[in-house]
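Residue-level structure breakdown
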Amino acid sequence: MRFRAKIVDLACLNHFSRVINTIAKLAKTCTLRLTVSKLYFILADKVANGGVSLWCELCQGNFFDEFQMEGVAAEHNEIYLELVPENLSRALKTAQSAKAVKIKLTNKHCPCLRVAVELPSISSSSRIVTHDIPVGVIPRRLWNDFREPSVPDFDVSIYLPVLKTMKSVVERMKNLSNSIVIEANLSGEMNLKIETDLVSVTTHFKDLGNPPWASEDGCQSSAQDRDLESMAEARIDIKKLQQLLAGQQVNPTKALCNIVSKRIVHFILLHEDVSLQYFIPALA
């Protein structure tokens, strides 16, 4: 099992760093899945137990100048590692003006991801700062726990408003209640609502647009028979939503959310070379 990679391009490095920062804000520990062409960051809390889950996918070719890996076996050419993303995020903070960053899987006293940051220096020799980040190697028999979550058969799918706007609305509401209701319809309308014994606050968004989803057999999901005006809603933990919006550093080109009434809200943030899915279960 071997893995080594190198980033030389500063723009790629900073972009990679922003992705890791976003993940560190959303997950205390996560699984890093390495394949020949992609990296995945996975948080597979069981949504049924009220946990959020996260699936973030990067094409390695868009970030790394060199990327070599040998998986556990020829027919299972993948590596699954458990790590604390905050540690990786910290290591990359030292790399903001680096000439190069090398990441390598090592095993000195325990398995580690070694992040070697080559910093520019005045003399001809360069300075190298090394961070060893402990990782756990996840055995092959547990890999099935980390499959891509299936997109639920949603009632409504809608593009999100500007995330900064949404973030400031949610931050104000968070002082009033622990939960928030997200509701949307197929006419491009979305409301964020808070209802407590003392106060009821609603923010309305219009003309957001609804993504054109089509399934394999050419017809849409259960959403297609819905009345366009009728709202699908889910009440979720406001802190989990705020965490997603506050941690967001990827600046997606598209952001949308799928609502399965009273069950789950599924967020998808898309950038040219990163996709992030985040599932927040509904509160009873």
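Quick note: structure is the one above.
A brief report on the enclosed structure follows. All values derive from a computational prediction rather than experimental measurement.

**Here's the deal with unusual backbone geometry**
Located in the positive-phi region is Asp-207, a residue other than glycine, with phi close to 55°. Within the secondary structure, Asp-207 is located in the loop between strand 14 (200-205) and strand 15 (232-237). The phi dihedral of Lys-262 falls on the positive side, at around 60°, and the residue is not glycine. Mapped onto the fold, Lys-262 is located in the loop between strand 16 (254-260) and strand 17 (264-271).

**Some thoughts on the sheet that holds strand 2 (residues 30-34)**
Read across the sheet, 9 strands follow the order 10-6-2-3-4-18-17-16-11 without closing on themselves; strand pairing throughout is antiparallel. Every other strand in the sheet has two partners, leaving strand 10 (136-137) and strand 11 (156-159) as the edge strands with one partner each. Pairing of strand 2 with strand 6 (residues 79-83) involves 5 bridges; the strand directions are antiparallel. Looking at strand 6, one finds that Arg-33 is bridged to Tyr-80. Lying on the sheet, helix 1 (residues 10-26) is in contact with strand 2, strand 3 (38-44), strand 4 (53-59), strand 17 and strand 18 (274-281); it crosses strand 4 at an angle near 170°. The sheet strands contacting helix 4 (residues 238-246) are strand 17 and strand 18, and the helix crosses strand 18 at an angle near 170°.

**With respect to the packing of helix 1 against helix 2 (residues 85-93)**
Put simply, helix 1 and helix 2 touch, their axes get as near as 8 Å, and they point 150° apart. Classified by the interaxial angle, the pair formed by helix 1 and helix 2 is roughly antiparallel. Handedness of the helix 1/helix 2 crossing: left-handed. Contacts between helix 1 and helix 2 pair Leu-13, Phe-16, Ser-17, Ile-20, Asn-21, Ile-23 and Ala-24 from the former with Pro-85, Glu-86, Leu-88, Ser-89, Leu-92 and Lys-93 from the latter. Classifying every residue of the contact of helix 1 with helix 2 by side-chain character gives 8 nonpolar, 3 polar and 2 charged.

**What to know about the nonpolar core**
Among the nonpolar cores identified, the biggest contains 78 residues, and Phe-3, Phe-16, Leu-113, Leu-192, Leu-241 and Phe-267 are the most heavily contacted of them. The element contributing the most residues to this core is helix 1, with 7 residues. Two domains each put at least three residues into this core: domain 1 (2-145) and domain 2 (156-216 + 228-281). If we skip the residues at most four places from it in the chain, Phe-267 touches Leu-160, Met-166, Ile-182, Leu-241, Leu-244, Leu-256, Cys-257, Leu-276, Gln-277, Tyr-278 and Ile-280. Judged by nonpolar contacts, the second largest core, of 7 residues, contains Tyr-40, Trp-55, Tyr-80 and Ile-138.

**Here we look at the pairing of strand 3**
Extensive coverage of strand 3 is indicated by the burial of 5 of its 7 residues. Where strand 2 folds back onto strand 3 in an antiparallel hairpin, the turn is made up of 3 residues. Taken together, the 7 bridges between strand 3 and strand 4 define a ladder with antiparallel strand orientation. Directly across from Tyr-40, in strand 4, lies its bridge partner Glu-57.

Calculation notes
Residues numbered from 1 in each chain as written. Predicted model: local features only at pLDDT ≥ 70, side-chain atom pairs only at ≥ 80, totals over all residues. Heavy atoms only, no water. Helix = DSSP H or I, 4+ residues; strand = E, 2+ residues; numbered from the N terminus. Pairing = 2+ DSSP bridges. Contact = heavy atoms within 4.5 Å. Axes fitted to C-alpha atoms, helices over the stretch in contact; angles between N-to-C directions. Parallel < 35°, antiparallel > 145°, perpendicular 65-115°, else oblique. Left-handed = near helix turned anticlockwise from the far one by under 90°. Nonpolar A, V, L, I, M, F, W, Y, C, P; charged D, E, K, R; others polar. Core = buried A, V, L, I, M, F, W, Y, C linked by side-chain atoms within 4.5 Å. Buried < 20%, exposed > 50% of the residue type's maximum accessible area, 1.4 Å probe, protein only. Domains from an automatic or database assignment.

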